[in-house]
Amino acid sequence: MINGKKVLAITLARGGSKRIPKKNIADINGKPLIQYTFDEVKKSKYIDGYVVSTDDLDIMGTCIRNEVQSIIRPKDLAKDTTTSADALIHCVEKQEKYDYVVEIMCTNPLKVVEDID
């Protein structure tokens, strides 16, 4: 929470990358890329809820193994032409009410909790 306000963090993790298929779960030094984000989000002192929006069952499986909530995003919101805003709105509409929403991208494995907070 921040000043009594609830914070929802969302990671958009599409399975259909053009250049690197399933890049979000590609092995980076022994861990799926997205797991670096999971590990740091879990340490945050401000995030009250965290969810991954994905169209991919393998990414969803990685979420389950890491005890991270995930929702399936419809295929029409998982195209390379889909805006992040549209995917975020879909995800927010599926959650309980939060005061703040933060997108945390998973393609930077070097971020640490201090960057998130």
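Refer to the structure above for everything that follows.
Residues numbered from 1 in each chain as written. Predicted model: local features only at pLDDT ≥ 70, side-chain atom pairs only at ≥ 80, totals over all residues. Heavy atoms only, no water.

Caption draft 1: Broad picture of the state of the cysteines. As enumerated under the stated definition, the model contains 0 disulfides in all. Of all cysteine sulfurs, the one in Cys106 lies closest to Cys63, which takes part in no disulfide; the gap is 9.2 Å. Since its relative accessible area comes to 0%, Cys63 is described here as buried. (Disulfide = S-S within 2.5 Å. Buried < 20%, exposed > 50% of the residue type's maximum accessible area, 1.4 Å probe, protein only.)

Caption draft 2: Spotlight on the sheet that holds strand β1 (residues 7-13). Pairing within the open sheet is parallel, and its 4 strands lie in the order β5-β4-β1-β6. This sheet does not close on itself; its edge strands, each paired only once, are β5 (69-72) and β6 (100-103). In this sheet, adjacent strand axes meet at a mean angle of 30° when their direction is disregarded. As paired strands, β1 and strand β4 (residues 49-54) are joined by 6 bridges and run parallel to one another. Within the sheet, the bridge partner assigned to Ala13 lies in β4 and is Thr54. Its contacts with the sheet place helix α1 (residues 33-41) against β1 and β4, and it is angled at close to 165° to β4. (Pairing = 2+ DSSP bridges. Helix = DSSP H or I, 4+ residues; strand = E, 2+ residues; numbered from the N terminus. Axes fitted to C-alpha atoms, helices over the stretch in contact; angles between N-to-C directions. Contact = heavy atoms within 4.5 Å.)

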